[in-house]
Amino acid sequence: MTANPLAQTAVGGTLLSNGLLVAIVALVHIQIATYITGSCTIAWVSEAISIARGGDERHDRLATSIVRSWAYIFAFGSAIGIFFVMLVLLGFWGKFFVALQQITFGAFFFESIAFLVEVALIYTLYANWERLRRYRRARLGMLILLNIDLFWQMFFIDVVASFMLTPNGGDANLLDQFLNPSNIPLTIHRTIGNVAWAGAVLAFAGAFQYLRASRGLEPAAAPARAGAPVRSVGAMDADEAPAEPPEVRETRHWDWVGQWGAIWVVGLTTLQPWVGYSYAKEVQLHAYPAWYDMMFGDLSNVFLFQLTLLGTIFTVGTAYFWRRMKASGATHHRRQGVIAILLAVVTLFAAQPAWFAWTYADVVAQGLARPWWQGGLLNPIGNFIPYKVGALFALVFLGLASVTSYMRAYSRDEMKPGRVGRRNQGLLLALGVVVSTMMIVMGVIREHSRQPFLISGELTIQHQQTLNNQPSQLGGTAR
Amino acid sequence: MRTVRDARIALRRARARETLRSGYRWFDERTGAADLLHKGLYEAVPRRGGWAYTLGSATLALILLQLFSGIFLLLDYVPSVEEAWPSLNYLETQDPFGSWVRGLHLWGAYTLILVIGLHALRTFLSASYKRPRELNWVTGSLLFFLVLGLAITGAMLPWDQASYWTTVVVTNILHYFPFIGDGLRQLWRGGSFVGPITLTRTFAIHIWVLPFLLFTFIGAHLYLLRRHGEFGAWVNYDTTSDDPDKEIAHRIRTVEPPYPTKRIERRYAAPNQTDQFFPNQIFKDMLVSVALIALIFVMGRAAGAPLDPAADPATLTYVPTPEWFYLPLDQFLVLTPGNPLIAVGIFAIVGIGALAFMLLPFLDRSTERRPIRRPEILIPALFVVFAVVFLAMLGVNRLYSL
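Residues numbered from 1 in each chain as written. Chains lettered and ligands numbered in written order. Predicted model: local features only at pLDDT ≥ 70, side-chain atom pairs only at ≥ 80, totals over all residues. Heavy atoms only, no water.

**Q** How do you make sense of the interface of chain A and chain B when you look at a structure like this?
**A** One frequent convention defines the size of an interface as the accessible area lost when the parts assemble. Each side of the interface is counted separately: chain A has 31 residues, and chain B has 25 residues. Summing both partners gives a buried area of about 2500 Å² for chain A against chain B, and 72% of it is carried by carbon and sulfur. When the buried surface of chain A facing chain B is broken down by residue, A:Trp274, A:Thr404 and A:Arg412 rank first, second and third, together holding 22% of it. Close ionic contact of B:Arg373 with A:Asp413 constitutes a salt bridge, the shortest N to O distance being 3.9 Å. Our count for the chain A to chain B interface comes out at 7 residue pairs in polar contact (both at pLDDT 80 or more). Elements with a contribution of two residues or more to the side of chain A that touches chain B: helix 6 (174-178), helix 7 (183-213), helix 10 (272-286) and helix 15 (384-411) of chain A. Per-element tally for the side of chain A that touches chain B: the top contributor is helix 15 of chain A, with 9 residues. Of the residues assigned to the side of chain A that touches chain B, the class counts are 18 nonpolar, 6 polar and 7 charged. (Contact = heavy atoms within 4.5 Å. Buried area = accessible area lost by both parts, 1.4 Å probe. Salt bridge = Lys/Arg side-chain N within 4 Å of Asp/Glu carboxyl O. Polar contact = N/O pair within 3.5 Å; in protein donor to acceptor, adjacent residues only side chain to side chain. Helix = DSSP H or I, 4+ residues; strand = E, 2+ residues; numbered from the N terminus. Nonpolar A, V, L, I, M, F, W, Y, C, P; charged D, E, K, R; others polar.)

As structure tokens, then:
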């Protein structure tokens, strides 16, 4: 096996233009945009549940909070996006961006229409949310409409992003762009990831607010209400609620929000290894140098870090389920504990490097391409196939078992809401941070794997920079 | 005069009626047809959700359509490597209705797979497979697998490029089975390579072995359905009074046959309200079945069935593509590189999945019937459904990029 020669090409530019600026601006924009897209799904699900249960207050309150949060951050996220396009892409990468926009004009055009619809719907919803309280089905309809619009908005920008990685010959035909090999897996990966990320934000916010609300409460002042199932909290009986201090009521609500968010995170993340593997497979088949860079080249250890983060999401989420079930005295909480330990072990297994060097090329260069027990640098157990595939399978099935077991306890009314201890919330805070980090790492891997290309196999960074620095050659022949 | 003639006509009619009646009595005395018809038609079914229960009878109607269209195809089809393709080509180009009949058989198969899948989904969501209907589910799942088997063996018969390479790929999958894989492949192919014996054997499997098993299990499935009655869904068993025990006891006392049976769980022994199978439910059944068959006739005429050029084993350019219902499995093969993983992917994971599907009633032992109260079954099932749909989407995308 030889190293990828393209990965060795020196890349020009400055740290500001090539790394930091793109990373900060793009990642902040992505985290806000994906939160809005993902939380829209959670908002309409909560609104639907609230309507179906005859006005469940906690779901209603959650949907309201989410819609409000959009109004606070949407404009900021959009401004960053526009700043990104105007300054970073046009300023530093003008040739590339003009070329990209010419090729994928259709996708950008539909993207802009979806953006306009998004603006109209978000602010209409925000401005009329309370006024529409009497017409909740209309509110639900608008949320679903917004979700559909957001899906297409994501899809069109995914067309551009996936086309840059797998242009499949660079054909400019619109259908070929839309169905380029990695677009479907990327779209599904992001659709699921967006909702999981929104769940992580909810878990983080729930934990934060829980800690704030319970700060002044003594542990004994508001114990979990024995025998009162989680389900009944939604009704929040009008005659019962005023009897308890508002802090207790608040802790119960935010405890529920934290749980609800964690369920979305772990439940949906069980699908991600499966989808991610398929995505990587398409990259392997259609953009081999990029795949090689991720698996064997400079990014291989970053990819390993991503696998570690994936396992950490499952482990932390399951550990929270375990402690939360234990706090409610639910049956099978010990089983959750065992699953959490198994997940930690599997994560350690998945995180093993296949070689004890930065890249495989380094191993070959040192003449140590033999197993470590023969004095080499190779660790066959750390290979992706079949061992890491096995670890991924184990992560998925253990994650599935964990969320199923938790939902089982939930559906049997074994989970009691209320004071569950402040330390549990630490796990939810950690979950939010890990998911956010995972998104950043994933973005870094995907965007860097194409180097030295901006459009894989079509347009290099060198080509772009040379032309940008020598205006007289703009529009001339490429060097 | 007119009165006498009328009297004669009336007398003749009376004699004719009496002859018919006596003939009917003679036949009924020997066969018990009236009782059988009565048992078949007059029984109670749950009132709520009647349209959802039409999928089972629609499945049966579509299987019968496949049987009849298959018989018409058999009149011309010759199961040999030299004659298979020319005989179908003759049907397509020379016979005025040949193309339509082929189209009927193909679109009937597509619709059948879809409808039997929906029927299984409805049964799953309503937890109709629970005690005492476990064996209804087991026979139903076997029928599902047999239909898939018939579909894939049917796709191998035209001996055009698509069917030849499908045969090569499908028979080759067996070879990945540990230890006995080579033997199984050789057994089906009748040698090391796909050839005349492969076609003969596949033909025998398609028109004799699988249909025999199919109709045997249909009989068992219908018998069990009649024995335990249509379950319907949990909505038919909700209690509304303050004293649910009393309400359930009243329901059991007053319900019509076949409810309740002795071995059933008490709460789900008898539905709240029932409807007559004949004529109410059977009307819905027939409406859905006729609509589906009409759709198949239209699709058969409009889209027909493709026939590639005759099989050419020497070709190097043909890229075989699977039928849509095997697309997820085919994509799964793409994702499992290397022999050991193919064996794990195809036989271990898919095999365990199929076994779990068949034995579902014995895995889900809780008494809960509402989907929301059965997350331990619903969540893994959603995961599997997602995996199948996702693989199908990837498969479509891959075929587009070929």
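Having seen it, we continue.
**Q** Explain the nonpolar core here, please?
**A** As a rule of thumb, nonpolar side chains are buried together in soluble globular proteins. Counting residues in hydrophobic clusters, the biggest one holds 114 residues, and the most contacted among them are A:Ile42 and A:Trp70. The biggest single contributor to this core is helix 7 of chain A, with 13 residues. Ignoring any residue separated from it by four or fewer positions in sequence, one finds A:Trp70 in contact with A:Tyr35, A:Ile36, A:Ser39, A:Cys40, A:Ala43, A:Ile122, A:Leu125, A:Leu143 and A:Leu146. Counting residues in hydrophobic clusters, the runner-up holds 32 residues, among them B:Phe144, B:Leu150, B:Leu214 and B:Leu292. (Core = buried A, V, L, I, M, F, W, Y, C linked by side-chain atoms within 4.5 Å. Buried < 20%, exposed > 50% of the residue type's maximum accessible area, 1.4 Å probe, protein only.)

**Q** Looking at this model, I keep getting lost on the domain arrangement of chain A. Mind explaining?
**A** Residues and elements named next belong to chain A. Along its sequence, chain A is organised into domain 1 (13-180) and domain 2 (248-456). Between the C-alpha centres of domain 1 and domain 2 there is a distance of 25 Å. Every contact between the two is made by 22 residues of domain 1 and, on the other side, 25 residues of domain 2. Of the roughly 2100 Å² buried between domain 1 and domain 2, counting both surfaces, carbon and sulfur atoms make up 70%. Where domain 1 packs against domain 2, one counts 2 salt bridges. Note that glutamate 250 is salt-bridged to arginine 61, the shortest N-O span being 2.9 Å. (Domains from an automatic or database assignment.)

**Q** When you look at the pattern of salt bridges in this model, what are you seeing that I'm missing?
**A** Any two side chains of opposite charge can pair if their charged atoms end up close together. Following the criterion strictly, the structure yields 31 salt bridges over all chains and no others. As a salt-bridge pair, A:Asp60 and A:Arg136 come within 3.5 Å of each other at their nearest N and O atoms. Of the two residues, A:Asp60 is situated in helix 2 (residues 57-92) and A:Arg136 in helix 5 (residues 136-165); the sequence distance between them amounts to 76 residues. Judged by relative accessible area, which is 11%, A:Asp60 ranks as buried. B:Arg369 is paired through a salt bridge with B:Glu265; the nearest N and O atoms lie 3.5 Å apart. With B:Arg369 in the loop between helix 14 (360-363) and helix 15 (375-401) and B:Glu265 in the loop between helix 10 (244-254) and strand 2 (274-276), this residue pair connects regions lying 104 residues apart in the sequence. Residue B:Glu265 is classed as partly exposed on the basis of its relative accessible area of 24%.

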